[in-house]
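# What the coordinates show
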Amino acid sequence: MSEDRESKDTPPDAAGDDGTPTEDPDEHTSQSGAADEPEPSTGASEEADGQPDTDQSGLFHAGAADTPDPNDESVFEEPDPDDEIEEIPDLEETDLGQEVPEHLIEEGFDPEEDDDLLGGLNIESTSEIPIPDRLVDQVIGQDQARDIVVKAAKQRRHVMMIGSPGTGKSMLAKAMSQLLPKEELQDVLVYHNPDDGNEPKVRTVPAGKGSQIVDAHKEEANKRNQMRMFLMLIVVAIILGYTLLTATNILLGIIAAVVVYFLFRYTQRSSDAMIPNMIVDNADQQTAPFEDATGAHAGALLGDVRHDPFQSGGMETPSHDRVEPGAIHKANKGVLFVDEINTLEVRSQQKLMTAIQEGEFSITGQSERSSGAMVQTEPVPCDFIMVAAGNMDAMENMHPALRSRIKGYGYEVYMDDTIEDTPEMRRKYARFIAQEVENDGRLPHFSREAAEEVILEAKRRAGRKEQLTLKLRDLGGLVRVAGDIARAEGRDMVVRDDVLTAKNRSRSIEQQLADEIIERRKDYELRVAEGSVVGRVNGLAVMGGDSGIMLPVMAEVTPAQGPGETIATGQLKEIAQEAVSNVSAIIKKFSDEDLSEKDVHIQFVQTGREGVDGDSASITVATAVISALEDVPVRQDLAMTGSLSVRGDVLPVGGVTHKIEAAAKSGMDTVIIPEANEQDVMIEDEYEDMIEIIPVRHISEVLDIALDGETEKDGLVDRLKSITGSALDRQVGPGSKSPSPQ
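### Topic: the pairing of strand 5 (residues 201-206)
Across the six residues of strand 5, six count as buried, placing the element largely inside the fold. Examined bridge by bridge, strand 4 (residues 186-191) and strand 5 share six bridges and lie antiparallel to one another. Each residue of the ladder has a partner; that of Val190, found in strand 5, is Val202.

This is the structure:
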């Protein structure tokens, strides 16, 4: 079979009666290309005596009548596109992210006048809302990412999506697989190579035909094995009969029979080795393949060859039977999704680059200590669309050449965290609740009031006025917890109280820890909520992004033993250290005292090992230091949060809603926030009457509210206004834009 070695277009079993390969480039596939005509049988004919013929390699072949004829169109008839393949509409004309049907919208609904939380939906429960069939139509928000995915599917481009967890990256990747055509799918077969067992041959056939080819080869092998068994029994019977009739050594006859048995068993193994190994089976695929390779090791991603402990003596497993496909091969003609792309090993990222560029990749053993490392198949097709995803830090450890491949042959898109709060989006959020219920399959639907409460929570979690959160995985968790509560209570519908209970039960670990710390401080009297104290201010902080906590800050001014300096303790991180330096500039300009002879000590109380990050405590630090310098007490029924410029402007910060609620839980009567954050306040109804919210624009307003003692305070505030007021008036006016939160 030397010609078969020279031409890899011929599968190893396509041999004639004389054992030489049949060369016909038009009837065979290349080592990694698609097959025009599958050829599952050997085509060898039976002799007149009914015994199976053998070729020069000693391999048995069944008759042609026992296996499908490759020229018979009835066996491998191409699927009729009108019958089996659903026609895929023009993606550019498809109504992606379709809206809720208009007949569900209340007649006469005016979005300008009616502030309905469901966007005018006239429903009693979410069971009345129809759910789109396609995933791409179920996507909420992310219009830019959705449009890019549609274009990428049509043009077969790679995509990298970067954004916060739970914003829909994996859902968009799955939606992309539904948009790809199904008629291009292929099955991949690996054959034994009689010339070099360590280089198995690869063949591709249209999806669904691979199993027919394997079944045909198995049937051939079974018939050959039955024939061998019959011949073996005849030979053994002759040997044993001859031994008994001639009265020769019976033991010698038994040994001869055993030798014949093992000889036939050995030839049977060589016959079984001719059965191809189907490593990719797309027969039952209704859409293009979708493979999630997130966190996959090298073997799972790139393919592997299993170790064989029996490598000789006729007990070895043929190398082609030990070949295992990787995710890149299973995703051929489909989508390969890798989340947290930066967690892949550098070597795997380099191999992935090769697979993307070449469209084919050989499979070899991944462990150097394994016998599979000696095996390397012909290139296996891996023409996939790469969808990489991750958080912002994913780009730092991602191989630059891999990112270049994706960017050069595709798109990069940033996933939004929030979206504008409109009646249309509120209706889609109501549909989102219905989708979560249907996808779960075990939850009751939500009543109108319960759905309204979920949308209120979506507004609150956005952290910005007139916005809705797009972190829908977390919101879906609230939906599932509320559904579980309703089901445990035996109700067939989720009501508003279930959602309120779920909001408490589905608190994050950080929120539970923050609540525990607040209660613990009450026990140890670390919380001061009344009177006034010099140099002590109740600051506010956020834990985990969605949990507020009160963070006291204390300041003390002492004579310096050397050059005066500002000393801050409490595990301050880089941004917090810079914020303290900025505050020091204001103090030096404001104070009449010579700070070169004084040390300013600033302590962030009970910050723990996590420390303090960010600059949202700037006005807290400034107030505490000024109070200590001037010996003016600070109100303890008041908490504050806000960043500070070196000119005294109060700048916006993040997490104001959670901070205000933490202040209310801690017993504060008043909270000071930046004026620019006033529009972002979305506190729960239960806290509205518990606390007064005062927005401010500059540090003089903070001192005017926070410091106690009219005589001392008035002179102090007037002096500070003369320093900071003019600068602020020029930069922040009634019609000016607020800076972004820090």
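Past the structure itself, the notes keep going.
### With respect to the nonpolar core
Counting 45 residues, the largest nonpolar core has Ile602 and Phe604 as its most contacted members. Put simply, the parts of the chain that give this core at least two residues each are strand 20 (536-543), strand 21 (547-559), helix 16 (574-590), strand 23 (598-604), helix 17 (618-630), strand 25 (638-640), strand 29 (692-696) and helix 20 (699-706). Looking at this core, the element that brings in the most residues is helix 17, giving eight residues. Leave out the neighbours within four places in its chain, and Ile602 touches Val553, Met554, Thr566, Ile567, Ala568, Thr569, Val580, Val621 and Val625. Ranked by size, the runner-up nonpolar core spans 34 residues in total, among them Ile129, Phe432, Ala451 and Ala486.

### Some words on the pairing of strand 21
Across eight bridges, the pairing between strand 20 and strand 21 is antiparallel. Its bridge partner being in strand 21, Ala541 is matched across the sheet by Ile549.

### Details of the packing of helix 3 (residues 143-155) against helix 4 (residues 169-179)
Contact geometry for helix 3 and helix 4: axes closest at 9 Å, N-to-C directions at 35 degrees. In terms of crossing hand, the pair formed by helix 3 and helix 4 is right-handed. Each of Ala145, Arg146, Val149, Val150, Ala152 and Ala153 in helix 3 lies in contact with helix 4, whose residues at this interface are Leu172, Met176 and Leu179.

### Some remarks on the pattern of salt bridges
Inspection of every chain in the model, using the stated rule, returns 27 salt bridges. Among the ionic pairs, Glu324 bridges to Arg306, the shortest N-O distance being 2.3 Å. Here the residue Glu324 occupies a position in strand 9 (residues 323-324), and Arg306 occupies one in the loop between strand 8 (304-305) and strand 9, the gap between them amounting to 18 residues. By relative accessible area, which is 33% here, Glu324 ends up partly exposed. One connected set of salt bridges, linked through shared partners, spans Glu453, Glu457, Arg460, Arg461, Arg496, Lys503, Glu661 and Glu684.

Cut-offs applied
Here the residue index of a chain counts from 1 through its sequence in written order. The predicted origin of the model limits local features to residues at a pLDDT of at least 70 and limits the giving and counting of side-chain atom pairs to 80 or more, whereas totals for whole chains, interfaces and linings rest on all residues. Where side-chain values are given, they derive from all heavy atoms of the structure, hydrogens and water being excluded. The buried label goes to any residue with under 20% of its type's maximum accessible area, the exposed label to any with over 50%, and the partly exposed label to all in between, with areas taken from a 1.4 Å probe on protein chains only. Only DSSP runs of H or I covering at least 4 residues are called helices, and only runs of E covering at least 2 are called strands; the numbering of each starts at the N terminus. A strand pair is defined by DSSP finding two or more bridges across the two strands. What is meant by a nonpolar core is a set of buried Ala, Val, Leu, Ile, Met, Phe, Trp, Tyr and Cys residues, joined one to another through side-chain atoms within 4.5 Å. Contacts: residue pairs with any heavy atoms within 4.5 Å of one another. Axes here refer to lines fitted to C-alpha atoms; in helices the fit is confined to the stretch in contact. Angles between the N-to-C directions go from 0 to 180 degrees. Handedness of each helix crossing follows the sense of rotation of the near helix against the far helix: counterclockwise by less than a right angle gives left-handed, clockwise gives right-handed. Put simply, a salt bridge is a Lys or Arg side-chain nitrogen that is within 4 Å of an Asp or Glu carboxyl oxygen.

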